[in-house]
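# Tertiary structure, described
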Amino acid sequence: MDQNEPLIAAGVLLMTRAEPRQFLLMRHPDRWDLPKGHADPHETLEQTALREMAEETGLEPSDVQLDPDFRFLVEYLVRYPEDEAERLKQVHYFLAWIDQPRNIGCTEHDEARWFDWEPPHAIQSQTIDPLLEEVEKFLKYQRP
């Protein structure tokens, strides 16, 4: 892969339709994160997001519904051990609706937890907080 090409990834913010509304975060040793991962060749961003969600949570794509009107892009620099220099990473996030919280089968994280939707949130400033701020704006405009 060309070192000048951005790394492309996609993920989902899982949110419940049931009240009180909740969203899912997954715990790495040093931070909270969302189900996400790098895109495979010839895979759409939606396919990547749903595949990664299934791999990391045990939920099937048929368990959720991607909101067709929401998409959020986060860009930041990363350095992986195999790379000589920092590279631009682009993560495309989708909002995925699920009826109610479900038990999550963690495969790549220490734990998964459903958090109450009580904005504003201060969880992780680089990616999660900006995403949650955009979701909050989106939800305000979607309500009748």
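You'll find the structure just up there.
Cut-offs and rules
- Residues numbered from 1 in each chain as written.
- Predicted model: local features only at pLDDT ≥ 70, side-chain atom pairs only at ≥ 80, totals over all residues.
- Heavy atoms only, no water.
- Phe/Tyr/Trp six-rings, centres within 6.5 Å; stacked < 30°, edge-to-face > 60°.
- Helix = DSSP H or I, 4+ residues; strand = E, 2+ residues; numbered from the N terminus.
- Buried < 20%, exposed > 50% of the residue type's maximum accessible area, 1.4 Å probe, protein only.
- Expected span 1.5 Å × (residues − 1).
- Core = buried A, V, L, I, M, F, W, Y, C linked by side-chain atoms within 4.5 Å.
- Contact = heavy atoms within 4.5 Å.

### Quick look at the packing of aromatic side chains
The final tally for this structure, using the stated rule, is four aromatic pairs. Geometrically, the ring pair formed by Trp32 and Phe115 is edge-to-face, given 5.1 Å between the ring centres and 85 degrees between the ring planes. Of this pair, Trp32 sits in strand S3 (residues 31–33) while Phe115 sits in strand S7 (residues 111–116), placing them 83 residues apart in sequence. A relative accessible area of 15% places Trp32 in the buried class. Through successive ring pairs, a cluster of aromatic residues spans Phe23, Trp32, Phe115 and Trp117.

### Focus: unusual backbone geometry
Residues Glu19 and Pro20 are joined by a peptide bond in cis, for which omega reads -5 degrees. Structurally, the position occupied by Pro20 is in the loop between strand S1 (7–16) and strand S2 (22–28). Phi at His42 is positive, roughly 65 degrees, even though this residue is not glycine. Of the residues examined, His42 reaches a relative accessible area of 84% and is grouped as exposed.

### Thoughts on helix H1 (residues 45–57)
Over its 13 residues, H1 runs 18 Å from end to end, which matches the ideal 18 Å to within 8%, given 1.5 Å per residue. Looking at the residues trailing H1, positive phi occurs at Gly58, about 85 degrees.

### Structural notes on the nonpolar core
Leu13, Met15, Leu131 and Val135 are the most contacted members of the largest nonpolar core, which has 24 residues in total. Those elements giving two or more residues to this core turn out to be S1, S2, strand S5 (65–78), strand S6 (87–98) and helix H2 (128–142). With six residues, the single largest contributor to this core is H2. For Val135, the contacting residues outside a window of four places in its chain are Leu13, Met15, Phe70 and Trp117. By size, the runner-up hydrophobic cluster in this structure holds 17 residues, among which are Ala10, Leu24, Val64 and Phe94.

These values are about where atoms sit, not about what they do.
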